[in-house]
Every structure is written in C-alpha cells, then in structure tokens.
Amino acid sequence: MKLIIGIGGVTNGGKTTLTNRLIKTLPNCCVVHQDDFFKKPNQIEVGEDGFRQWDVISALDMEAMVSTVKGWQENPVKFARSHGVNLSPETEETDPEQERIHILIVEGFLIYNYKPLVDVYDKCLYISIPYEECKRRRSTRTYTVPDAPGLFDGHVWPMYLRHRKEMDYNCNCIEYLDGMKSKEEIFNKAYESIQNSLLNNS
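Thresholds applied
Residues numbered from 1 in each chain as written. Predicted model: local features only at pLDDT ≥ 70, side-chain atom pairs only at ≥ 80, totals over all residues. Heavy atoms only, no water. Axes fitted to C-alpha atoms, helices over the stretch in contact; angles between N-to-C directions. Helix = DSSP H or I, 4+ residues; strand = E, 2+ residues; numbered from the N terminus. Parallel < 35°, antiparallel > 145°, perpendicular 65-115°, else oblique. Left-handed = near helix turned anticlockwise from the far one by under 90°. Contact = heavy atoms within 4.5 Å. Nonpolar A, V, L, I, M, F, W, Y, C, P; charged D, E, K, R; others polar. Pairing = 2+ DSSP bridges. Buried < 20%, exposed > 50% of the residue type's maximum accessible area, 1.4 Å probe, protein only. Expected span 1.5 Å × (residues − 1). Arc of directions from axis to C-beta.

Q: Would you mind showing me how to read the packing of helix α1 (residues 15–25) against helix α8 (residues 183–201) here?
A: The axes of two packed helices give the description: the angle between them and the distance between them. Orientation of α1 relative to α8, taken along the N-to-C sense of each, is 50°, at an axis distance of 10 Å. It follows that α1 is oblique to α8 by the angle criterion. Classified by chirality, the crossing of α8 by α1 is right-handed. Of the residues in α8, those touching α1 at Thr-17, Leu-18, Arg-21, Leu-22 and Thr-25 are Lys-183, Glu-184, Ile-186, Phe-187, Ala-190, Tyr-191 and Ile-194. Partitioned by chemical class, the residues of the contact of α1 with α8 number seven nonpolar, two polar and three charged.

Shown next as structure tokens:
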C-alpha cells in the first residue's frame, strides 16, 4: 500500500518540525521538501511590490518536484534506498503476498497550489497560525537569502492570503491543524489522522 500525505502550511507554521517527527514514527517513510525546488536567486523576478518573488509558484521548479514524486510512486523501495531511508526488514523480502506500507510526505508552503501535485495526495494536512505569531517566528529565523526590510508585510503575508484562497478552491479535502497548539498536540492529531487513513485503505 502506498500513501502520499501533503503537509502544507504558512511560513514558519511548523511543517518541517511535524514532518521530521512523522518520518521517525511512520514505516518506510520518505519525504519531498518543496524548498529543495527553489530556482536560483538570479532566476527570481522582482514583482510590482518591489520584492523578489520568492513566495509564488513560479519561484519553484514544480515540474521537477512532480517528477520526483512520480519517481517515488513508480518504485518506493528504490527511491527510499537512493535517499538513504532505512526500510523495515519485511520490506526487503520479496514476498508479493505481503501488503507493505510505503509512505511519502510532500512538505511545503505551496503544495496545494499546483494541480498536478494536488491530484496525487491521499491526505492533505495544513498548519495555520495567525499573522502576529507568523511575523514573530519569521523574524527569528535566519535564511540563506535574508529577508529584505518590509518583505513580510509587503510580500510574504499578502501572497500567503492570496494562495490560501486559491488553495481552498483547488483542494477541498484539507484537514487544518492549529499551529498554536503544542508540538505534541499537533503531532498526535496528524499521526492519528494518518493512522485512520492507513486503516481505511488496508
């Protein structure tokens, strides 16, 4: 059995923290991070708002991301090995009768805004936090390309609001997680939801 889980959310909402815990807990679990598909800084356009457009879908090589996900779909065992993921012992056996679970987590801030990707998910989770908390967390982070002054209010947050609307339109089965809850509570809720999906699909 193969299960693809989307973990989306606003910037600094806790996507990576949740993903990292799930990877350690779920069987034969691989991950594709959307942040790994950003184009080079010199390929990012400057928009009408005066800022480099990092927070839009065209800043990412989405075709490459989709083909990475398809690579996992075609052969999760090979994908796991090539990404250094340890598979559980029974997965290494070649007994076709045995139903094996393979899970892929697709994590990122715009994973529900690109139709070819939306079509592959078995489960869609989304972590949201309010504006003040998001701005506070963002200000404490150090990025490879540092935030320009005014970037959060001038570009990041407006783009988030725009994409959130678009996302709700694209994907109507999103389960929302409250990013203000403790890491433990967020994890428990996500884990329980994924377990239910595994039971329903088995």
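Moving on, there is more to tell.
Q: Mind showing me how you'd approach the sheet that holds strand β4 (residues 123–128) here?
A: For sheets, the rule is that strands pair by backbone hydrogen bonds, running either parallel or antiparallel. Pairing is parallel in the open sheet, where five strands are placed in the order β2-β3-β1-β4-β5. Each edge of the open sheet carries a strand with a single partner, namely β2 (29–33) and β5 (174–178). Between one strand axis and the next, the sheet turns by 20° as a mean value, whatever way the strands run. Relative to β5, β4 runs parallel, the two sharing five bridges. By the bridge assignment for β5, Ser-128 is matched with Asp-178. Packed onto the sheet, helix α7 (residues 151–170) meets β4 and β5 and runs at close to 155° relative to β4.

Q: Got a minute to help me understand the pairing of strand β3 (residues 102–108) in this structure?
A: Each regular strand carries side chains that alternate between the two faces of the sheet. With seven of its seven residues buried, β3 lies for the most part within the structure. With seven bridges joining them, strand β1 (residues 2–9) and β3 adopt parallel strand pairing. Across the sheet, residue Lys-2 finds its bridge partner in β3, namely His-102. Inspection of the sheet shows β2 paired to β3 by five bridges, in the parallel sense. Bridge pairing in β3 places Val-31 opposite Ile-105.

Q: Whenever I open this one, the environment of Gly-13 confuses me. Can you help?
A: Looking at where Gly-13 falls in the secondary structure, it is placed in the loop between β1 and α1. The buried category is assigned to Gly-13, whose relative accessible area is 3%. Each C-alpha atom, one on Gly-13 and one on Pro-130, is 9.3 Å from the other, the two residues being 117 residues apart in sequence. Excluding its chain neighbours within four sequence positions, the residues that come into contact with Gly-13 are Ile-127, Ile-129, Arg-137 and Gly-179.

Q: Looking at this model, I keep getting lost on α8. Mind explaining?
A: An α-helical turn contains 3.6 residues, so any two residues separated by three or four positions project in the same direction. In a regular helix each residue adds 1.5 Å, so 19 residues correspond to 27 Å; α8 covers 27 Å between its end C-alpha atoms and thus fits that length. Here α8 has its buried residues at Ile-186, Phe-187, Ala-190, Ser-193, Ile-194, Ser-197 and Leu-198. When α8 is viewed along its axis, its buried side chains cluster within an angular range of 145° and face the same direction. Summarising the geometry of α8, the exposed residues directed more than 90 degrees from the buried face are Lys-189, Glu-192, Leu-199 and Asn-200. In the core, the buried residues of α8 are packed alongside β1, α1, β3, β4 and β5.

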